[in-house]
Amino acid sequence: MFVTDIRKEFYDIVRVALLVSLDVDALCACKVLQALFHCDQVQYTLVPVKGWQDLGTAFLEHKEQFRYFVLINCGANVDLLETLQPEEETIFFICDTHRPVDVVNVYNDTQIKLLIKQDDDLGVPSYDDIFRDDEEEGGDQDSGNESDGSSEPSGKRRRFDEGAIERRIERQRARREWEARRREILFDYEQYEYHGTASAVVLFELAWVMSKDTKDMLWWAIIGLTDQWVHDRITHMKYVTDIAALQRHVSRHNHCNEDEDNSLSIDCMRICFEYDLRLSLYQHWSLYESICNSCYTLSTFKLWSIQGQKKLQEFLADMGMSQLQQKFNSMDIAIKENLRDVIEESSNKYGMKDIRIQTFGVHFGFKNKFLATDVVHAAAALLESVEKDESGTDNFIKALDCLSRSNLDQLHRGIELAKKKLMAIQQTVASCICTHLILSQGPFLYCCLMEGTPDVKLFSKPLALTLLCKYLLKSFARSTRNKRCKILPLVMAAPLDVEKGTVIVMGIPPECETSDKKNFFGRAFEKAAESTSSRTLHDNFDMSIIELKMQDRSKFLDALVTLLS
Amino acid sequence: MPRNCCLHSENEAKSEGRSELIPSIKFRHCCLLRNQRCVTAYLYDRLLRIRALRWEYGSVLPAAIRFHMCAEELEWFNQYKKSLATYMRSLGGEEGLDITQDRKPPKSLYIEVRCLKDHGEFEIDDGTIILLKKNSQHFLPRWKCEQLIRQGVLEHVIS
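Note that the structure is predicted; figures quoted are calculated from it, not measured.

Caption draft 1: Inspection of the overall build of chain B at higher detail. In terms of helices and strands, chain B carries 5 helices and 5 strands. If you list the helices and strands of chain B from N to C, you get α-α-α-α-β-β-β-β-α-β. Compactness check: chain B gives a C-alpha radius of gyration of 26 Å against a globular reference of 15 Å for 159 residues, more than 25% above the reference. Projected onto its principal axes, the C-alpha coordinates of chain B cover approximately 85 × 40 × 30 Å. When each of the 159 residues of chain B is scored for burial, the buried share is 28%. Long-range pairs, those at least 24 residues apart, make up 51% of the contacts in chain B with a sequence separation of at least 6.

Caption draft 2: Representation of the sheet that holds strand β15 (residues 536-537) of chain A in the model. Residues and elements named next belong to chain A. Sheet architecture is open: 6 strands sit in the order β11-β12-β13-β14-β16-β15, paired in mixed fashion. Two strands close off the open sheet at either side, each with one partner strand: β11 (439-440) and β15. Examined bridge by bridge, β15 and strand β16 (residues 545-549) share 2 bridges and lie antiparallel to one another. Bridged to threonine 536 within β16 is leucine 548. Strands in contact with helix α22 (residues 521-532) are β13 (490-497), β14 (502-508), β15 and β16; relative to β14, the strand with the most contacts, it is inclined by about 135 degrees.

Caption draft 3: Inspection of the interface of chain A and chain B at higher detail. With 22 residues of chain A at the interface, the matching set in chain B holds 21 residues. For the pair chain A and chain B, the summed buried area comes to about 1,800 Å², and 48% of that belongs to carbon and sulfur atoms. On the chain A side of the interface with chain B, the three residues burying the most area are Gln41, Gln43 and Ile397 of chain A, jointly 29% of the side's total. Run the count over chain A and chain B and you get 3 salt bridges. When contributions to the side of chain A that touches chain B are tallied by element, the ones reaching two or more residues are α2 (24-40), β2 (43-49), α3 (52-62) and α18 (392-402) of chain A. The element contributing the most residues to the side of chain A that touches chain B is α18 of chain A, with 5 residues. Classifying every residue of the side of chain A that touches chain B by side-chain character gives 6 nonpolar, 11 polar and 5 charged.

Caption draft 4: Quick look at the confidence of the model for chain A. All names here are of chain A. Summarising the model, chain A shows a mean pLDDT of 85, and 91% of its residues fall at 70 or more. Model confidence for chain A, summarised as mean pLDDT per element, is weakest for helix α7 (residues 139-149) at 40 and strongest for helix α10 (residues 215-230) at 94. This model gives residues 136-153 a pLDDT under 50, and the stretch forms 14 contacts once residues within four places in sequence are excluded.

Caption draft 5: Quick peek at the pairing of strand β9 (residues 356-364) of chain A. Residues and elements named next belong to chain A. For β9, the tally of buried residues reaches 7 of 9 residues, placing the bulk of the element in the interior. Bridging between strand β8 (residues 270-277) and β9 involves 8 bridges; their strand directions are antiparallel. Looking at the pairing, arginine 270 lines up with histidine 363 of β9. Sheet analysis places β9 next to strand β10 (residues 368-371), joined by 4 bridges and oriented antiparallel. Of the residues in β10, the one forming a bridge with glycine 361 is leucine 371.

Caption draft 6: How the structure looks around the pattern of salt bridges. All names here are of chain A. For the structure shown, the criterion picks out 28 salt bridges over all chains. For glutamate 274, the salt bridge is made with lysine 369, and the minimal N-O distance between the two is 3.6 Å. Here the residue glutamate 274 occupies a position in strand β8, and lysine 369 occupies one in strand β10, the gap between them amounting to 95 residues. Within this structure, Glu274, Asp276, Arg340 and Lys369 form a network of salt bridges that share partners.

Caption draft 7: Layout of a positive patch on the surface. A contiguous patch of positive charge, built from Lys302, Lys311, Arg478, Arg481, Lys483 and Lys486 of chain A, is present on the exposed surface. Relative to the elements of secondary structure, lysine 486 of chain A occurs in helix α21 (residues 483-486).

Caption draft 8: Spotlight on a negative patch on the surface. Negative charge collects at one region of the surface, where Glu64, Glu87, Glu88 and Glu89 of chain A together with Glu121 of chain B lie side by side. By secondary structure assignment, the location of glutamate 89 of chain A is in the loop between α4 (80-84) and β4 (91-95). On the basis of relative accessibility, which here comes to 47%, the residue glutamate 89 of chain A falls in the partly exposed class.

Caption draft 9: Seen up close, helix α16 (residues 339-349) of chain A. Residues and elements named next belong to chain A. Of all the positions in α16, only Leu339, Ile343, Ser346 and Ser347 are classed as buried. Along α16, the residues classed as buried sweep out an arc of 100 degrees about the axis, all on the same side. Facing away from the buried side of α16 by more than 90 degrees, the exposed set consists of Glu345 and Lys349. After α16 finishes, the residue glycine 351 shows a positive phi value of roughly 85 degrees.

Caption draft 10: Structural context of the UniProt feature "domain: GINS subunit" (unreviewed entry) in chain B. If you check UniProt for "domain: GINS subunit" (unreviewed entry), the listed places come out as residues 12-91 of chain B in our numbering. Secondary structure over residues 12-91 of chain B splits into 80% helix and 0% strand, and the C-alpha atoms at its two ends are 59 Å apart.

Caption draft 11: Summary view of the sheet that holds strand β1 (residues 110-115) of chain B. Reading across the sheet, the 8 strands line up as β6(A)-β4(A)-β3(A)-β1(A)-β2(A)-β4(B)-β1(B)-β5(B) and stay open at both edges, with mixed pairing between neighbours. For this open sheet the edge positions go to β6 (112-114) of chain A together with β5 (154-156) of chain B, each flanked by a neighbour on one side alone. For this sheet the average axis-to-axis angle between neighbouring strands, irrespective of direction, equals 25 degrees. As defined by bridge partners, strand β1 (residues 15-21) of chain A adjoins strand β3 (residues 68-72) of chain A across 5 bridges and the pair is classed as parallel. Considered in β3 of chain A, the bridge of leucine 18 of chain A is made with valine 70 of chain A.

Caption draft 12: Local environment of a nonpolar patch on the surface. Residues Val39, Tyr42 and Leu43 of chain B make up a contiguous nonpolar surface patch of about 310 Å² in total accessible area. You can see leucine 43 of chain B is positioned in helix α2 (residues 22-57).

Caption draft 13: Region of interest: the nonpolar core. All names here are of chain A. If you look at the biggest cluster of nonpolar residues, it comprises 139 residues, and the most contacted ones within it are Ile72, Trp219, Phe315 and Phe459. If one sorts the elements of this core by residue count, helix α19 (residues 408-434) sits on top with 12 residues. Excluding anything up to four places from it in sequence, tryptophan 219 contacts Met269, Ile271, Phe360, Gly361, Val362, Phe370, Leu371, Ala372 and Val375. Grouped together as the second largest cluster of nonpolar side chains are 32 residues, Phe66, Leu71, Ile116 and Ile130 included.

Caption draft 14: Structural view of the packing of aromatic side chains. The final tally for this structure, using the stated rule, is 21 aromatic pairs over all chains. Each ring, one from phenylalanine 315 of chain A and one from tyrosine 350 of chain A, has its centre 5.4 Å from the other, and the planes form 85 degrees; the classification is edge-to-face. With phenylalanine 315 of chain A in helix α14 (residues 306-319) and tyrosine 350 of chain A in the loop between α16 and β9, the pair connects residues that are 35 residues apart, well separated along the chain. Between tyrosine 110 of chain B and phenylalanine 139 of chain B, the aromatic rings sit 5.7 Å apart at their centres with planes inclined by 25 degrees, giving stacked as the arrangement. One end of the pair, tyrosine 110 of chain B, is in strand β1; the other, phenylalanine 139 of chain B, is in strand β4 (residues 137-141), with 29 residues separating them in the sequence. Here tyrosine 110 of chain B and phenylalanine 139 of chain B have matching classes, each one buried. Here lysine 336 of chain A stacks its cationic end above the ring of phenylalanine 328 of chain A, 5.2 Å away from the centre of that ring. Positioned above the aromatic ring of tyrosine 194 of chain A, the side-chain terminus of lysine 518 of chain A is 4.4 Å from the ring centre.

Reading the values: rules and limits
- Residues numbered from 1 in each chain as written.
- Chains lettered and ligands numbered in written order.
- Predicted model: local features only at pLDDT ≥ 70, side-chain atom pairs only at ≥ 80, totals over all residues.
- Heavy atoms only, no water.
- Helix = DSSP H or I, 4+ residues; strand = E, 2+ residues; numbered from the N terminus.
- Rg over C-alpha atoms; globule rule 2.2 N^0.38 Å.
- Buried < 20%, exposed > 50% of the residue type's maximum accessible area, 1.4 Å probe, protein only.
- Contact = heavy atoms within 4.5 Å.
- Pairing = 2+ DSSP bridges.
- Axes fitted to C-alpha atoms, helices over the stretch in contact; angles between N-to-C directions.
- Buried area = accessible area lost by both parts, 1.4 Å probe.
- Salt bridge = Lys/Arg side-chain N within 4 Å of Asp/Glu carboxyl O.
- Nonpolar A, V, L, I, M, F, W, Y, C, P; charged D, E, K, R; others polar.
- pLDDT = per-residue confidence, 0-100.
- Patch = residues over 30% accessible without salt bridge, like charges linked within 9 Å, V, L, I, M, F, W, Y side chains within 5 Å.
- Areas by Shrake-Rupley, 256 points an atom, 1.4 Å probe, with all protein chains shown as cover.
- Lys, Arg positive; Asp, Glu negative; His and termini not counted.
- Charge placed at Lys NZ, Arg CZ, Asp CG, Glu CD.
- Arc of directions from axis to C-beta.
- UniProt positions renumbered as here; feature names shortened; annotations may be inferred.
- Core = buried A, V, L, I, M, F, W, Y, C linked by side-chain atoms within 4.5 Å.
- Phe/Tyr/Trp six-rings, centres within 6.5 Å; stacked < 30°, edge-to-face > 60°.
- Lys NZ or Arg CZ within 6 Å of the ring centre and 35° of its normal.

Listed below in structure tokens is the structure:
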């Protein structure tokens, strides 16, 4: 059931268990909610969950102690009551970006409350199309008629019988038709996976409705939205629309504090709208490195080839800037001032029309200036860091900490990890394209990372693998001459656990300017696994990411090819 | 060490006609007095630390610490506990006031804590049970957490 008055129906509770999924948007939403709970002294327990199994375990452990559960970025796209089997009094509040929302979750009035805006482009089928009270089989009603008819002479009774039989056949036919239509509607509804408004933004609006929003919460909402854009979960249109909505909040916050007479201290947090370059982490790196490792420039210049490198050198010469290999912070101020315009001018000549993107930046103190994308990359790198002795929950805590302003060293550490990650992605993309590792299987492209590839451990995690797939598909679409291959989706496999012999398989929709980011691989993987009885684990909250045994890989792929042809 | 021991030894020396020993006796006496002062200072410092233990750990000391205390010190500790308890009961009306809580003025009623190791289930005042698993975070009333923070099970998160 959708919650209409988010403040009254959700917020007035005393003790709650927060189950949070492992992605940056969920972390930001969690921070906003924690800040609100601190304000109003609602006791809570925070548990990170990696997938459906973790969710089940956490629920079992905590169901004795808590009546209310809040699920962030998990639980909307599957029938929750069936999966978790809760008691009657347990109530779930779900704030999730995964769509389509399972119809049982939508139409359950008592135990499931969805914190999702109803105008969020949901397309939920109407109640009567899917559910109906089971009618008695025509038999009972006909027996009533028969008993009436028994007092009549036998000729008439036979006619009544025939009438009854006809009605029954008619009812059965209507029922079969209804069921066929129901299957069709559900199939269309559940076929494509996509994402809705960021959870952090939804919870920020809750804070705003209660007039308890602060700049910190606004900044977290911005990071949540930017995370969706960086990991390619929403369309460009939606991103721009949501940015405009957040921009109104930013102006409101900026105007209520600062005016001519009392300007804010330099240590206070200031958020500003920026029309900034699409170069990842460029303010914490040298400009040259950033250009070499950002998706947009990497794919446009085709930097894996020698020609591409030459073109890059031409571009840099055209820009006419010096000190490109120096750390950004040490570049001359004169150069930094006109940087964006100079780069935009030069990139227009080289076919990069939208090198600039609307985003937000924050600065507090004299030294600390960050863009939203920087923080997203840092938090994602911390969340999935593969260094030894760090369990999943340790990483969760570190990533959660790096979002606070008082933990800048954690944030800087995240930025360093993110740089390594981006460099690893760039090298892997270059090697995949140069060694022609991407093969067309017919209805989709397929690429498999081998065990000994450098940094392959990084790609056993979903967020890093998402970025790699996105960069790879974009670069491949630019580099291939085959017109058909340009519009194919990509399935990628990377080794997950060598001892158990599993790989992580992920599918992304085709690369296209006007793509609506709807992913059909979730259902396709399910069906392919069923039909070949491969040993798969559909544990991730995103249905398009699964684990598979290495031996079953080839038959799984064959089934997928047949399914999608 | 009483002064008359020294005088007694001096008198003995004089009476036996060995007055050249008197400086040695005086010197020895000074050394003994000095040693006595050192030992007393040490024992007094131990006492002060044992007193601080009551404020640090509460009324039950960990076995590791009890191992290093002698019987008299334990006795002293118990008596100190008793007099502190009597004093606390005399404050604050009916139930007394636990002055070992909140030694610094608290900033908030509830604090956010992070669990550093698996501690199992933990019960708070109104009967609700919290499961303390490694790396889970909780937002709980301050007085309930202080004990566990001192034991090192929970960590106060300041963000």
